[in-house]
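Summary of the model geometry
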Amino acid sequence: MDAAARVAELRSLIEYHNRRYFELDEPEVSDAEYDELVRELRALEDAHPDLLTPDSPTQRPGGAPTSLFAPVTHAVPMMSLDNAFSFDELQAWGKRMERYISGDVDYVCELKIDGIAMSLRYERGRYVQAATRGDGTTGEDVTENVRTIAAVPKALKNGAAGIPTALEVRGEVYMPIASFTALNEAQGASGGRLFANPRNSAAGSLRQKDPSITAKRDLSFWAYQLGAVEGGPTFTRHSEMLAWLGRLGFPVNPNIETLDTLDDVFAYCQRWMANRHDLPYEIDGVVVKVDDLAQRGELGSTSKAPRWAIAFKFPPEERNTLLKDILVSIGRTGKATPFAQLEPVFVGGSTVGVATLHNEDQVRAKDVRPGDTVVVRKAGDVIPEVVGPVLSKRPTGLRKWHFPKTCPSCGGPLQRLEGESDTFCTNLDCPAQVAARIEHWGSRGAMDIEGLGEKTVYALTGNGLVRTVSDVYALTLEQLMQLEGFAEISARKLLDSIEASKARPLDRMLTGLNIRHLGSEGAKRVARAFGHLDRILDASEEELAAAEGVGQVIAASVREFFDNPANRAEVERLREIGVNFEGPAAPTEPQVLAGKSIVVTGTLPGYSREAAEEAIKARGGKSPGSVSKKTDYVVVGEAPGAAKLSKAEELGIPILDEPAFARLLERGEP
């Protein structure tokens, strides 16, 4: 295909996707895939200037306003931003600025909120109008819907000097993650349509003809820019203007920083890319702006974007791909979990070929079907999940997927427990359950048997060598050496690790026994309260529930497990083998942190995060995952979570570096 034909094709595609994104709130491609189309078109137009036309989507922002609301003409165009995806592109932007200005440049870095750009107009300090960006020149009048947003001030603060006669403030309307989750839960419970992400739910909430519906959606707002202004104070720097907006009563994001080099800007971008999930709202990058307003005037704008700002985009966490099939896995408790088999796609920093679908209700609510194009999301270390289908790409006649009635591993019946969303295989001898239970017994959080991973477990169970966890301790060198991949050295190493596991403390054994509702923390509490497995075996449900931090649900589950004759028989086999039934051991460290709560964020030179938290707990302290008023200290290493650090500063909680942390562990004071 020649350049002219490809340019025409790309423009048509981009216009189509603009309409689906900006007007219909039903995108068919991820942001990353859209950006790739725009980048290809821009590269072709740069290489063939004769093909560039004023109506190209690279020369204008956004999409056309819809007919749902009255049009609003922006006095000052609402431009979009050019994008950078690497440090080289960030530097290239800095080099381009040198053609227009000289001298030092300060940069204001703002989190790029994944929401809806909004223009708010005030006359004599009173809220009078709200409009979407639209195509940058004309937007939609959503005044009454935005009026329901509590974060948007309806009257500016009287204490702020110099309130303009007319003031246009620009910012982002967004939906907090917790509100988005609650909305989708409510939608699913009522059989309604699920939203793909907080950005789409915010857009859909704004485009309601009935403002009372918008009012129920818990939207919020961050202010970040001025539009048209009549009267009021003048500023020399963007950072001054942001501070003034805060004094007027507008919410201004607390994580904005002013930096003086692009190296520092890139470090800011990297820090927030690593810590983006510490925030209660979604971001997809960082907006970098020149702080000096006179320099902005010298830089000016292109037809689409200002030269004095750029958006540094984070790697995509959502991509579209083909859902090849929906299968069901059987876990160690018999839980049957549907998962998606996907056409492999690179998302969230790795190639994803499978993704969770959680349970039967989630599949039904999302209505994903084999053959669909689906949105796949992988955020940080979270297990990849299918967000939902791209309905406009669904082939005609695609059949709904129904949860199977029988177990895919043993063929036994699958049963959904009353009042629960989970489905279970009730056959305790199911091969998939057996393998999963044994793998769990040997896992790091349980008996920590190095070498007893998934591949080895399936070989052992498949050859009939192991059916229960006690069978693991009867394995011989000769049996292991018959398995593919085992030589004498690796077989002896596994046997040594199996033998060493007998001495693990009681809480590890309780974790490994696979008792429903009893995780590692619950196992520690039960072990701490009773000290020996025999006392747990003899305890009533009421006695178990009375133990500190245990509760009725765990107590009932523990009692039910040990009342099962098969489980009691397995416990006796483990006793004969010599597995330790006692614990926990008395603390070996002085309990200098008893009663104290210490949060760890970032990487410490001498500790992993987990090791630092264990060191705190070993000395009697607590190490929760979030900062609160009850926190005594926050230990900060390299690349800390910005939200945790900001919260600690806000609450006045002492912040410790690595040397101070070492002193804290030694004597209980930093």
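Before reading further, recall that the structure is shown in the block above.
Right, let's walk through the structure included here. Values in this document were obtained by computation on a predicted structure and should not be read as measured data.

What counts and what doesn't
Residues numbered from 1 in each chain as written. Predicted model: local features only at pLDDT ≥ 70, side-chain atom pairs only at ≥ 80, totals over all residues. Heavy atoms only, no water. Helix = DSSP H or I, 4+ residues; strand = E, 2+ residues; numbered from the N terminus. Buried < 20%, exposed > 50% of the residue type's maximum accessible area, 1.4 Å probe, protein only. Areas by Shrake-Rupley, 256 points an atom, 1.4 Å probe, with all protein chains shown as cover. Lys, Arg positive; Asp, Glu negative; His and termini not counted. Charge placed at Lys NZ, Arg CZ, Asp CG, Glu CD. Contact = heavy atoms within 4.5 Å. Pairing = 2+ DSSP bridges. Core = buried A, V, L, I, M, F, W, Y, C linked by side-chain atoms within 4.5 Å. Salt bridge = Lys/Arg side-chain N within 4 Å of Asp/Glu carboxyl O. Arc of directions from axis to C-beta. Axes fitted to C-alpha atoms, helices over the stretch in contact; angles between N-to-C directions. Phe/Tyr/Trp six-rings, centres within 6.5 Å; stacked < 30°, edge-to-face > 60°. Parallel < 35°, antiparallel > 145°, perpendicular 65-115°, else oblique. Nonpolar A, V, L, I, M, F, W, Y, C, P; charged D, E, K, R; others polar.

1. Side note on the overall build of the protein
- Scanning the protein from N- to C-terminus turns up 24 helices and 21 strands.
- If one aligns the C-alpha atoms of the protein with their principal axes, the spans along those axes are about 85 × 65 × 50 Å.
- With 670 residues in all, the protein has 48% of them scored as buried.
- A total of about 31700 Å² of accessible surface is found on the protein, and carbon and sulfur atoms cover 51% of it.
- Put simply, the protein has 78 plus and 96 minus side-chain charges, and the middle of one group is 3 Å from the middle of the other.

2. Quick look at the environment of Val142
- Note that Val142 resides in the loop between strand E6 (138–140) and helix H4 (143–147).
- C-alpha of Val142 to C-alpha of Ser421: the two residues are 279 residues apart in sequence and 39 Å apart in space.
- The residues contacting Val142, other than those within four sequence positions of it, are Phe69, Met118, Tyr127, Ala130, Ala131, Thr132 and Leu206.

3. Quick look at the pairing of strand E5 (residues 126–132)
- Note that strand E4 (residues 116–123) and E5 share six bridges and pair antiparallel. If you follow Leu120 over to E5, its bridge partner there is Ala130.
- Hairpin remark: E4 followed by E5, antiparallel, with two residues in the connecting loop; positive phi at Arg124, about 50 degrees.

4. Focus: the nonpolar core
- Residues Met509, Leu510, Leu533, Ile536 and Phe562 are the most contacted members of the largest nonpolar core, which totals 48 residues.
- Here the element with the most residues in this core is helix H20 (residues 551–563); it accounts for five residues.

5. Focus on the pattern of salt bridges
- Applying the stated criterion across every chain yields a total of 39 salt bridges.
- Notably, a salt bridge pairs Glu40 with Arg6, separated by 2.7 Å at the nearest N-O pair. Within this pair, whereas Glu40 is found in helix H2 (residues 31–47), its partner Arg6 is found in helix H1 (residues 3–23), the two being separated by 34 residues in sequence.
- Taking the relative accessible area as the measure of exposure, Glu40 reaches 31% and is therefore partly exposed.
- When the shortest N-O distance is used, the salt bridge between Glu45 and Arg11 registers 2.9 Å.

6. A short note on helix H8 (residues 238–248)
- The complete set of buried residues in H8 reads His238, Met241, Leu242, Trp244, Leu245 and Leu248. Projected onto a plane normal to the axis of H8, the buried residues spread over an arc of 160 degrees and lie on a single side.
- Tucked inside the fold, the buried residues of H8 contact strand E3 (107–113), strand E7 (166–174), strand E8 (220–230), strand E10 (283–290) and helix H10 (293–299).
- Remark: Gly249 follows H8 within two positions and exhibits a positive phi of approximately 115 degrees.

7. Looking at the sheet that holds E7
- If you trace the four strands from one edge of the open sheet to the other, you get E5-E4-E7-E8, paired in antiparallel fashion. Every other strand in the sheet has two partners, leaving E5 and E8 as the edge strands with one partner each. Here the average twist between neighbouring strands, direction ignored, is 25 degrees.
- Sitting on the sheet, helix H6 (residues 198–206) touches E4 and E7, and the angle it makes with E4 is about 40 degrees.
- Each of E7 and E8 touches H8; the most contacted strand, E8, lies at about 110 degrees to it.

8. A look at the packing of aromatic side chains
- For the structure shown, the criterion picks out 12 aromatic pairs.
- Judged by centre distance (5.8 Å) and plane angle (70 degrees), the rings of Phe266 and Phe312 are edge-to-face. With Phe266 in helix H9 (residues 262–275) and Phe312 in strand E11 (residues 309–313), this residue pair connects regions lying 46 residues apart in the sequence. Both residues of the pair, Phe266 and Phe312, count as buried.

9. Re the packing of H20 against helix H21 (residues 565–577)
- Two numbers describe how H20 lies on H21: the axes approach to 5 Å, and their chain directions differ by 80 degrees. It follows that H20 is roughly perpendicular to H21 by the angle criterion. For the pair formed by H20 and H21, the contact residues are Arg559, Phe561, Phe562 and Asp563 on the first element and Pro565, Asn567, Arg568 and Val571 on the second.
- Taken together, the residues of the contact of H20 with H21 break down into four nonpolar, one polar and three charged.

10. A short note on the side chain of Arg369
- As for its position among the elements, Arg369 is in the loop between helix H11 (360–366) and strand E15 (373–377).
- Judged by its relative accessible area of 13%, Arg369 falls in the buried class.
- If we skip the residues at most four places from it in the chain, Arg369 touches Leu323, Arg394, Leu398, Arg399 and Lys400.

11. Considerations on the environment of Met241
- Here Met241 shows up in helix H8.
- Overall, Met241 belongs to the buried group, its relative accessible area being 4%.
- Between the alpha carbons of Met241 and Tyr224 there is a distance of 9.0 Å; along the sequence they are 17 residues apart.
- Aside from chain neighbours lying at most four places away, what touches Met241 is Tyr224, Gln225, Leu226 and Phe235.

12. Looking at the sheet that holds strand E21 (residues 655–656)
- Pairing is parallel in the open sheet, where three strands are placed in the order E19-E20-E21. A strand with exactly one partner marks an edge of an open sheet, and here the two such strands are strand E19 (598–601) and E21.
- As defined by bridge partners, strand E20 (residues 633–636) adjoins E21 across two bridges and the pair is classed as parallel. Among the inter-strand pairings, Val635 is bridged to a residue of E21, identified as Leu656.

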